[in-house]
Amino acid sequence: MHAAEGVMHTPAEMRFSRPEADTLRVHLSGSWRLQRTLPSVTEVQQQLEVGPPVRRLSFDAQNLTSWDSGLLTFLRQVMDLCTPYQLTLDQTTLPDGVRKLLALATAVPERAGAGREAARDSMLARLGKWAIAAVESSQHTLGFIGEAVLAFLRLLGGRARFRGSDLALILQECGAEALPIVSLISFLVGAILAFIGAVQLQQFGAQIYVANLVGLAMALEMGAMMTAIIMAGRTGAAFAAQLGTMQVNQEIDALTTIGISPMEFLVLPRMLALVLMVPLLTIYADLMGIMGGAIIGAGLLDVSLRVYFNQIQEALTLKAFAQGLIKSAVYGVIVALSGCLRGMQSGRSAAAVGQAATSAVVTGIVFIIIASAVLTVIYIEIW
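The rules behind each value
Residues numbered from 1 in each chain as written. Predicted model: local features only at pLDDT ≥ 70, side-chain atom pairs only at ≥ 80, totals over all residues. Heavy atoms only, no water. Helix = DSSP H or I, 4+ residues; strand = E, 2+ residues; numbered from the N terminus. Rg over C-alpha atoms; globule rule 2.2 N^0.38 Å. Buried < 20%, exposed > 50% of the residue type's maximum accessible area, 1.4 Å probe, protein only. Contact = heavy atoms within 4.5 Å. Areas by Shrake-Rupley, 256 points an atom, 1.4 Å probe, with all protein chains shown as cover. Pairing = 2+ DSSP bridges. pLDDT = per-residue confidence, 0-100. Expected span 1.5 Å × (residues − 1). Right-handed = clockwise from strand over helix to strand, strands pointing away. Phe/Tyr/Trp six-rings, centres within 6.5 Å; stacked < 30°, edge-to-face > 60°. Salt bridge = Lys/Arg side-chain N within 4 Å of Asp/Glu carboxyl O. Axes fitted to C-alpha atoms, helices over the stretch in contact; angles between N-to-C directions. Nonpolar A, V, L, I, M, F, W, Y, C, P; charged D, E, K, R; others polar. Patch = residues over 30% accessible without salt bridge, like charges linked within 9 Å, V, L, I, M, F, W, Y side chains within 5 Å. Core = buried A, V, L, I, M, F, W, Y, C linked by side-chain atoms within 4.5 Å.

A.B. asks: I would appreciate a short explanation of the overall build of the chain in the present structure.
C.D. replies: On a plain count of helices and strands, the chain comes out with 14 helices and four strands. Taking 383 residues into account, the globule formula puts the C-alpha radius of gyration at 21 Å, and the chain, at 36 Å, lies well above it. For the chain, buried positions account for 40% of its 383 residues. Look at the contacts in the chain between residues 6 or more apart in sequence, and 79% of them connect residues 24 or more apart. Taken as a whole, the chain presents about 20,800 Å² of accessible surface, with 64% of it coming from carbon and sulfur.

Written as structure tokens, this is what we have:
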């Protein structure tokens with residue numbers, strides 16, 4: 001037993017000889033195991049660079065007492081070293097187990113160009129790839145919007161196929177279930193607008209115009225925008241996750257196979273629900289924002305509620321409410337299309353579903369801001 005342990009702990013050694021002028025023989029002896037200090041392949045490289053040119057590399061493993069993956073790693077590095085030196089490697093004297101494992105390790109060669117792909121692309125190459133991806137994404141988005149318009153036209157013609165119960169359920173999810181978060185955010189936004197306005201208007205003794213500020217800001221912009229952003233983060237992400245999960249479970253493929261259009265059955269009811277509910281939620285958000293401003297006005301500015309609401313009535317017009325409602329309907333379409341688009345584009349994995357939900361929120365918010373700017377310019381030109 002002690003003799004066997006002594007053999008197992010024999011240090012790993014390596015020496016070299018030249019049986020022929022163009023042949024380098026590597027003599028391996030001792031225990032080549034990972035827990036031992038092993039010779040480096042650099043020693044082999046140094047031997048190749050001195051003396052006559054070497055064309056053949058062989059091994060002598062007669063004095064090798066034990067080995068594990070440490071020896072295999074060393075031999076694999078020697079094999080890689082043979083390539084630049086154009087050496088012929090003779091493995092016949094290695095143990096059978098070593099030769100079989102080396103053959104297994106080299107059975108699947110490295111794919112050509114893998115090293116180049118791992119290298120960092122140049123700035124011009126990255127710019128080109130980004131441009132190509134942007135064009136492809138734009139084409140896919142336009143195609144999706146076109147299919148959604150066609151589905152809506154089929155709905156007007158009475159030929160769209162979806163379940164009314166699905167539409168009723170989505171209306172509930174987009175409407176009644178969203179009231180608590182819309183109430184909280186809108187109330188706080190109205191209170192913040194009133195507080196900021198109060199700090200400035202008190203300098204001129206014009207506290208009463210806080211009502212004008214809060215009312216117009218909520219009706220023209222903040223009510224619709226905050227509602228749309230809430231729905232993008234709450235409902236748009238849910239749409240993307242639902243459709244992405246259907247992609248993973250191949251439910252959308254099943255609908256296509258049995259002849260049902262996923263655009264009509266899945267996307268159309270979600271789009272209708274948001275177009276109907278976002279304007280209603282916007283009206284509610286406007287009222288909650290005005291209430292938040294009233295609390296600040298009565299609490300900090302000593303403006304009575306009666307005076308506050310009289311000022312609101314004078315400042316707000318139907319035109320202001322109409323502008324906000326038009327924006328809210330457009331925002332609803334954007335949130336629905338963003339969520340459904342990213343969901344339909346989702347890959348077939350759990351990670352892809354999460355990425356689709358995140359992308360739906362980002363896409364929705366970005367296009368909500370863009371639409372707000374465009375519609376504001378249009379309103380200025382028209383009204």
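Let us keep going from here.
A.B. asks: In this structure, what is going on with the pairing of strand E1 (residues 13-20)? I would like to understand it.
C.D. replies: Successive side chains on a regular strand alternate, one facing one side of the sheet and the next facing the other. One ladder, built from six bridges, connects E1 with strand E2 (residues 23-32); its direction is antiparallel. Directly across from Met 14, in E2, lies its bridge partner Leu 28. Count of turn residues in the E1/E2 antiparallel hairpin: two residues.

A.B. asks: Explain the confidence of the model for the chain to me, please; I cannot follow it from the model alone.
C.D. replies: Reading predicted coordinates in detail is not appropriate for stretches of low pLDDT. Chain-level statistics for the chain give a pLDDT mean of 85 and a share of 94% at 70 or above. Between residues 1-7, whose pLDDT stays under 50, and residues either more than four places distant or in other chains, the model counts two contacts.

A.B. asks: In this structure, what is going on with helix H6 (residues 123-156)? I would like to understand it.
C.D. replies: Within an α-helix, residues lying three or four positions from one another point in the same direction, as the helix has 3.6 residues per turn. Compared with an ideal rise of 1.5 Å per residue, which puts 34 residues at 50 Å, H6 spans 49 Å between its outermost C-alpha atoms and is within 8% of the ideal. Burial in H6 covers these residues: Phe 144, Ala 148 and Ala 151. In the core, the buried residues of H6 are packed alongside helix H11 (262-300) and helix H13 (318-344).

A.B. asks: What exactly am I supposed to notice about the pairing of strand E3 (residues 56-67) here?
C.D. replies: Relative to E3, E2 runs parallel, the two being bridged by nine bridges. From the neighbouring strand, Trp 32 faces E3, where its bridge partner is Trp 67. Of the crossover connections in this fold, the one passing from E2 over helix H2 (residues 41-48) to the parallel E3 is right-handed. Bridge analysis of E3 against strand E4 (residues 88-89) gives two bridges, and the strand direction is parallel.

A.B. asks: What exactly am I supposed to notice about the packing of aromatic side chains here?
C.D. replies: Per the stated rule, a full pass over the model turns up two aromatic pairs. Between the aromatic rings of Trp 32 and Phe 74, the centroid separation amounts to 5.0 Å while the plane-to-plane angle is 50 degrees, which identifies the pairing as tilted. Placement of the pair is Trp 32 in strand E2 and Phe 74 in helix H3 (residues 69-85), with a sequence separation of 42 residues. By the burial criterion, Trp 32 is buried, and Phe 74 matches it. Between Tyr 308 and Phe 309, the aromatic rings sit 5.4 Å apart at their centres with planes inclined by 90 degrees, giving edge-to-face as the arrangement.

A.B. asks: Help me understand the pattern of salt bridges in this model?
C.D. replies: If charged atoms from side chains of opposite charge come close, those side chains can pair. One pass over the full model with this rule turns up eight salt bridges. Notably, a salt bridge pairs Glu 177 with Arg 234, separated by 3.8 Å at the nearest N-O pair. Of this pair, Glu 177 sits in the loop between helix H7 (164-174) and helix H8 (179-201) while Arg 234 sits in helix H9 (residues 210-248), and the two are 57 residues apart along the sequence. With relative accessibility at 29%, the residue Arg 234 sits in the partly exposed group. Measuring nitrogen to oxygen at the nearest pair gives 2.9 Å for the salt bridge that ties Arg 348 to Asp 253. Within this pair, whereas Arg 348 is found in the loop between H13 and helix H14 (350-382), its partner Asp 253 is found in helix H10 (residues 251-257), the two being separated by 95 residues in sequence.

A.B. asks: Hey, could you run me through the packing of H7 against H9 in this one?
C.D. replies: When two helices pack together, their arrangement is given by the angle between the helix axes and by the axis-to-axis distance. Between H7 and H9, the shortest axis-to-axis distance is 11 Å and the interhelical angle comes to 145 degrees. When H7 is examined against H9, the residues Ile 170, Glu 173 and Cys 174 are found in contact with a partner set consisting of Met 231, Arg 234, Thr 235, Phe 239 and Gln 242. Of the residues in the contact of H7 with H9, the class split is four nonpolar, two polar and two charged.

A.B. asks: Before we go on, may I ask you to explain a nonpolar patch on the surface in this structure?
C.D. replies: Among the surface-exposed residues, Ile 326, Val 330, Val 362, Val 366, Phe 367, Ile 370, Val 374, Ile 378, Ile 382 and Trp 383 lie close enough to one another that they form a single nonpolar patch of about 870 Å² accessible area. The biggest single contributor to the nonpolar patch is H14, with seven residues. Mapped onto the fold, Val 330 is located in helix H13.

A.B. asks: Is there a simple way to explain the nonpolar core in this structure?
C.D. replies: Considering soluble globular proteins, one finds that nonpolar side chains tend to be buried as a cluster. Formed by 43 residues in total, the largest nonpolar core has its most connected members in Phe 144, Cys 174, Met 231, Leu 266, Leu 274, Tyr 331 and Ile 368. Going through the elements one at a time, H6, H7, H9, H10, H11, H13 and H14 are the ones with two or more residues in this core. With 13 residues, H11 is the largest single contributor of residues to this core. When near neighbours in sequence (up to four residues on either side) are disregarded, Leu 274 contacts Cys 174, Met 231, Thr 235, Phe 239, Pro 279, Gly 332, Val 335 and Ala 336.

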